[in-house]
Amino acid sequence: MEELDGVALSSLDAPLGDGLGVTKGDLVSYLAAVADRMVPGLAGRPLSVMRVRPGQAPFMQRNVSKGAPEWVGTVPVWAAGAHREVHQVLCDDRRTLIWLANQRTVEFHVPNFCAGEPEPTGLVLDLDPPEGADFAAVVAVAGLVRRALEGAGLAGAVKTSGSKGVHVVVPVAGSSFEDVAAATRALAARTAALDPERATTAYLREDRGGRVFVDSTRSGQGTVVAAYSPRIRPGLPVSFPVPWDRLGEVRPADFTVTTAPALLGDADPWAEALPGPQHLPADLVAEGHTIPVARVQAMHEGKRRKRAAAQREDGADG
């Protein structure tokens, strides 16, 4: 049995999971190679992970695995969905990252806050393209987000999501969770208003009309995949930082666990791209507080449509 950083490794030559085209060793090698750049984005943040096992569907895990080494740090978090307290891993060092890799942990999702801190550390706009859209559609809307940010006197960094979209991350300071969520909604609305034919804030898929969805719901307890995290897709693409002016030159599939280390070399483009924490403009926050929370609005709209459909059916039966 091999060992790395005091972590006993197993089954490195075995397939990582069904249809992924990589071995467990490929995942471990990648995470070991990028640990010094990935861990700073994970440290202190309650971790939600996606794991894989051959013959099983991928699964989300928030509670630390039974039998975890005593040196694996955790933090108690109330899980509203499960109606109980769970102990989420804090990946504060390379050894913990290697241990998670040996657990076949592929995706690393983090919130925009650190455990025990009273304020969020940033906001995220997640750009989700419609089915079948070319990446160029996302690039175009990312440009709109950048314009909306500049109009508000803010700056952000962009990275591929590792799937089909991109994440725009804006570090913030001195704002409450409610105000950061409001500012995120306002920025999404301003983005969509710049080109309503390309971008939308419609939470319900049937309302998006083939446009890129500017998702403002990653606030509060919401999470986003961390920079450099692999994704559960064939070849294991990774969420990779890209300069704004080069976004139109790349494709998400350019960055995988096998190609990313050589592309990175000794650099840390995410640390270099992220601006310092910024204070949110009062007018942006105030505007956001007038915009309904997308999930809540969608829930009420879904119920309204269901009632309307039932009434139409009753009328037809009559």
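Conventions adopted
Residues numbered from 1 in each chain as written. Predicted model: local features only at pLDDT ≥ 70, side-chain atom pairs only at ≥ 80, totals over all residues. Heavy atoms only, no water. Buried < 20%, exposed > 50% of the residue type's maximum accessible area, 1.4 Å probe, protein only. Helix = DSSP H or I, 4+ residues; strand = E, 2+ residues; numbered from the N terminus. Arc of directions from axis to C-beta. Contact = heavy atoms within 4.5 Å. Core = buried A, V, L, I, M, F, W, Y, C linked by side-chain atoms within 4.5 Å. Expected span 1.5 Å × (residues − 1). Polar contact = N/O pair within 3.5 Å; in protein donor to acceptor, adjacent residues only side chain to side chain. Salt bridge = Lys/Arg side-chain N within 4 Å of Asp/Glu carboxyl O. UniProt positions renumbered as here; feature names shortened; annotations may be inferred. Pairing = 2+ DSSP bridges. Axes fitted to C-alpha atoms, helices over the stretch in contact; angles between N-to-C directions.

- As recorded in an unreviewed UniProt entry, the protein chain goes by the name ATP-dependent DNA ligase, listed as coming from Blastococcus goldschmidtiae.

### With respect to helix 7 (residues 282-289)
- Taken together, the buried positions of helix 7 are occupied by Leu 284, Val 285 and Gly 288. Angular distribution of buried residues about the axis of helix 7 spans 95°; they occupy a single face of the element.
- Against helix 4 (177-194) lie the buried residues of helix 7.

### Regarding the nonpolar core
- Counting residues in hydrophobic clusters, the biggest one holds 80 residues, and the most contacted among them are Leu 42, Leu 47, Phe 108 and Leu 127.
- With 10 residues, helix 1 (residues 24-42) is the single largest residue contributor to this core.
- Of all hydrophobic cores here, the second largest spans five residues; its members include Val 75, Ala 79, Val 86 and Leu 90.

### Structural notes on helix 3 (residues 135-151)
- Over its 17 residues, helix 3 runs 25 Å from end to end, which matches the ideal 24 Å to within 8%, given 1.5 Å per residue.
- All buried positions along helix 3 are accounted for by Phe 135, Val 138, Val 141, Ala 142, Leu 144, Val 145, Ala 148 and Leu 149. Down the axis of helix 3, the sector holding all buried residues measures 165°, keeping them to one side. Opposite the packed face of helix 3, turned more than 90 degrees from it, sit the exposed residues Glu 150 and Gly 151.
- If you follow the buried residues of helix 3, they end up packed against strand 8 (122-128), strand 10 (166-171), helix 4, strand 11 (199-200) and strand 12 (212-215).
- Capping the start of helix 3 is the job of one residue whose side-chain oxygen sits 2.8 Å from the backbone nitrogen of Ala 136: Asp 134.
- The positive-phi residue at the C-terminal boundary of helix 3 is Gly 153, with phi of around 75°.

### Points about the environment of Val 225
- Here Val 225 shows up in strand 13 (residues 223-225).
- Separated by 222 residues in sequence, Val 225 and Glu 3 place their C-alpha atoms 27 Å apart.
- Once residues within four sequence positions are removed from consideration, Val 225 is found in contact with Phe 108, His 109, Lys 159, Ser 161, His 167, Pro 230, Arg 231 and Ser 239.

### Considerations on the pattern of salt bridges
- Counted according to the given criterion, the structure contains 13 salt bridges.
- A salt bridge links Glu 150 to Arg 146; the nearest nitrogen and oxygen atoms lie 3.8 Å apart. Residue Glu 150 and its partner Arg 146 are both found in helix 3; the two are separated by four residues, about one turn of the helix.
- We note a salt bridge from Arg 190 to Glu 287, for which the minimum N-O separation is 2.7 Å. Pair noted here: Arg 190 is in helix 4 and Glu 287 is in helix 7, with a separation of 97 residues, a long-range link.

### Here's the deal with the side chain of Gln 278
- Position of Gln 278 relative to the elements: it lies in the loop between helix 6 (269-273) and helix 7.
- The residues contacting Gln 278, other than those within four sequence positions of it, are Gly 153, Leu 154, Ala 155, Val 170, Pro 171, Val 172 and Ala 173.

### Focus on the UniProt feature "domain: DNA ligase D polymerase" (unreviewed entry) in the protein chain
- The UniProt feature table records "domain: DNA ligase D polymerase" (unreviewed entry) at residues 23-270.
- Each end of residues 23-270 is marked by a C-alpha atom, and these two atoms are 26 Å apart; helix forms 28% of the span and strand 22%.

### Section: the sheet that holds strand 7 (residues 105-111)
- Strand order across the open sheet formed by four strands is 4-3-7-13, with antiparallel pairing between neighbours. In this open sheet, the two strands that pair with only one neighbour each are strand 4 (59-61) and strand 13. Sheet twist, expressed as the average angle between the axes of neighbouring strands with direction ignored, equals 30°.
- Sheet topology places strand 3 (residues 48-51) next to strand 4; three bridges connect them, and they run antiparallel. Among the inter-strand pairings, Arg 51 is bridged to a residue of strand 4, identified as Phe 59.

### Quick look at the environment of Ala 193
- Along the chain, Ala 193 turns up in helix 4.
- Judged by its relative accessible area of 56%, Ala 193 is exposed.
- Distance from Ala 193 to Leu 144, taken between C-alpha atoms, is 9.3 Å for residues 49 residues apart in sequence.

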